[in-house]
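Architecture and fold: a report
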Amino acid sequence: MLTLVAVSATPNGKNVQLKSFETDFKDMENLLRTLGISTNNIDITPSTPINLIQDSPEAEWPIITAYTDGSKTKTTKPTAERTGAGAVIYFQNDTQELTQPLAPTNTINQAELKAIEMVADHLLQRSITNHNIVIKSDSKTTIQKLFGYTSRSKQLTNTIEKLQRLKESNMLIIEKVKAHTNIEGNEKADQLAKKAALQSTNTPNKIGLVNSQIYNLVQEYLQKKNKTDMIKKQYNDFTTAILTKIHDIPYNIRITNKQLLKELTQAISGQNMLAASRHHQDNKINPNCDLCDSKENSEHVLLYCPKLDELRFRLDYNNITNEIYGDEQLDWHKFAKLVKKCNLFT
């Protein structure tokens with residue numbers, strides 16, 4: 001069994017909580033394959049978290065000091081977020097600078113962790129032994145994650161595992177430093193991270209996307225359409241219920257299938273090509289379903305319309321109404337399959 005992390009968000013997006021649940025890897029793998037998503041885009045949490053233990057310096061060993069930083073910047077031409085990781089390592093006789101452009105969709109926390117992983121990688125490649133290795137970061141959140149934070153991603157796990165290998169033959173000390181206080185190494189790491197970020201325009205996302213991706217996508221979709229006020233008036237119990245149950249969406253599954261995201265956005269937001277939505281644009285269009293004469297919206301077609309009776313039966317999803325409006329947990333896997341396979345949100 002694998003422990004996946006899920007995110008819970010209220011409809012207004014102000015309150016976010018993390019929770020975890022377990023799922024079988026094979027079931028998850030099969031689901032992702034069905035949805036056209038590579039298993040490389042899963043970011044899973046180990047059932048048994050790996051935590052670092054701070055070492056005490058060895059008095060007779062030489063010291064290697066590294067400063068790490070992540071950067072996420074915005075540019076105007078073109079307007080886009082850019083992300084990068086940077087680090088500088090001070091050996092006794094030389095200095096090593098490291099940079100790594102990341103994808104624009106990577107977060108600042110991922111960049112901070114990547115910078116530390118880069119340091120560990122470099123020292124492991126140089127077969128450093130019998131040293132006091134001091135890694136300094138100005139990110140309190142990053143250090144908390146290394147020393148027992150409950151959220152576990154691939155990036156975090158990889159970083160910790162490499163630090164553990166480094167600890168096998170060295171003493172490892174990780175310290176928090178104040179940002180932008182003219183500490184030479186910290187300022188240098190900041191410059192390197194920003195330099196890497198400027199090179200990240202076309203960098204693929206090898207780490208994965210994070211947080212309430214579906215919820216944020218819905219919000220962005222509405223904003224881009226500049227119809228927020230109109231959409232709020234159109235919100236029905238179905239849309240509100242889905243948004244309040246966003247915590248059922250696996251937090252650590254990285255969905256990169258743009259077509260699937262588009263279909264889910266249309267189904268949840270109500271902005272689609274169903275008759276009820278088109279009726280808002282042109283009141284001459286009949287808003288009702290041509291099969292059962294009920295208003296043809298997302299709620300009707302997914303929950304009640306006879307058009308999807310066979311599909312709901314094949315997916316063994318006859319309890320979808322209770323999941324959305326009742327106290328049952330929303331089965332995100334089946335909901336995503338239903339939206340994809342009905343071919344009504346394209």
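Residues numbered from 1 in each chain as written. Predicted model: local features only at pLDDT ≥ 70, side-chain atom pairs only at ≥ 80, totals over all residues. Heavy atoms only, no water.

1. Section: the overall build of the chain
Which entries qualify depends on this criterion: Only DSSP runs of H or I with at least four residues qualify as helices, and only runs of E with at least two residues qualify as strands; both kinds are numbered from the N terminus onward. For each residue, the accessible area found with a 1.4 Å probe, counting protein chains only, is set against the maximum for its type, and the residue is called buried under 20%, exposed over 50%, and partly exposed in between. Throughout, a residue-residue contact means that at least one pair of heavy atoms, one from each residue, lies within 4.5 Å. We get accessible surface area from the Shrake-Rupley algorithm with a probe of 1.4 Å; when it comes to residues, only the shown protein chains can shield them.
Across its full length, the chain carries 14 helices and 7 strands. Out of the 346 residues belonging to the chain, those deemed buried represent 49%. Sequence separation of at least 24 residues holds for 69% of the intrachain contacts in the chain that already meet a minimum separation of 6. On the chain, roughly 17500 Å² of surface is accessible, and the fraction owed to carbon and sulfur atoms is 46%.

2. Some details on the packing of helix 9 (residues 258-269) against helix 14 (residues 332-342)
For clarity, the cut-off: For every element, the axis is a line fit to its C-alpha atoms; helices are fit only across the contacting stretch, and the angle between N-to-C directions ranges from 0 to 180 degrees. Every angle not falling under 35 degrees, over 145, or within 65 to 115 is termed oblique; those three ranges are roughly parallel, roughly antiparallel and roughly perpendicular. Think of it as three bins: nonpolar holds Ala, Val, Leu, Ile, Met, Phe, Trp, Tyr, Cys and Pro, charged holds Asp, Glu, Lys and Arg, and polar takes everything else, Gly as well.
Orientation of helix 9 relative to helix 14, taken along the N-to-C sense of each, is 95°, at an axis distance of 9 Å. Between helix 9 and helix 14, the crossing angle belongs to the class labelled roughly perpendicular. Here helix 9 contributes Leu260, Glu263, Leu264, Ala267 and Ile268 to the contact with helix 14, which in turn contributes Trp332, Phe335, Ala336, Val339 and Lys340. The residue makeup of the contact of helix 9 with helix 14, split by class, is 8 nonpolar, no polar and 2 charged.

3. Observations concerning helix 4 (residues 154-167)
In an α-helix, one turn spans 3.6 residues, which is why side chains three or four residues apart end up on the same side. So the rule is basically this: An expected span of 1.5 Å times one less than the residue number is assigned to each helix.
Taking 1.5 Å per residue as the helical rise, helix 4 with its 14 residues ought to reach 20 Å, and the 20 Å between its terminal C-alpha atoms agrees with that figure. Those residues of helix 4 not exposed but buried are Gln155, Leu156, Thr157, Thr159, Ile160, Lys162, Leu163, Leu166 and Lys167. Elements in contact with the buried residues of helix 4: helix 2 (108-125), strand 6 (132-137), helix 3 (140-146) and strand 7 (171-176).

4. Quick word on the pairing of strand 6
The test is simple: Only strands joined by at least two bridges in the DSSP assignment are considered to pair.
The buried fraction of strand 6 is high, at 6 of 6 residues. The alternating pattern of strand 6 places Asn132, Val134 and Lys136 on one face and Ile133, Ile135 and Ser137 on the opposite face, and all of these are buried. Pairing of strand 6 with strand 7, which is carried by 6 bridges, proceeds in the parallel orientation. Each bridged residue has a counterpart across the sheet, and for Asn132 the counterpart in strand 7 is Met171.

5. Some points on the side chain of Glu296
Structurally, the position occupied by Glu296 is in the loop between helix 10 (275-281) and helix 11 (298-304). Residues in contact with Glu296, not counting those within four places in the same chain, are Leu274, Ala275, Ala276, Pro287, Asn288, Cys289, Val301 and Lys307.

6. Quick look at unusual backbone geometry
A positive phi is found at His180, a non-glycine position, where the angle reads about 55°. Turning to its location among the elements, His180 is positioned in the loop between strand 7 and helix 5 (184-197).

7. Overview of the state of the cysteines
The condition is simple: Cysteine sulfur atoms that pair up within 2.5 Å are treated as a disulfide.
As enumerated under the stated definition, the model contains 0 disulfides in all. With no disulfide of its own, Cys292 has Cys289 as its nearest cysteine by sulfur position, at a separation of 3.6 Å. Between Cys305, a free cysteine, and Cys289, which holds the nearest cysteine sulfur, the sulfur-to-sulfur gap is 3.8 Å.

8. Brief notes about the confidence of the model for the chain
Just so we agree on the cut-off: pLDDT: the predictor's confidence for each residue, scored from 0 to 100.
Summarising the model, the chain shows a mean pLDDT of 75, and 68% of its residues fall at 70 or more. Here residues 1-25 scores under 50 on pLDDT; set against residues more than four positions off or in separate chains, the count is 70 contacts. The model gives residues 225-235 a pLDDT under 50, and that stretch makes 15 contacts with residues more than four places away or in other chains.

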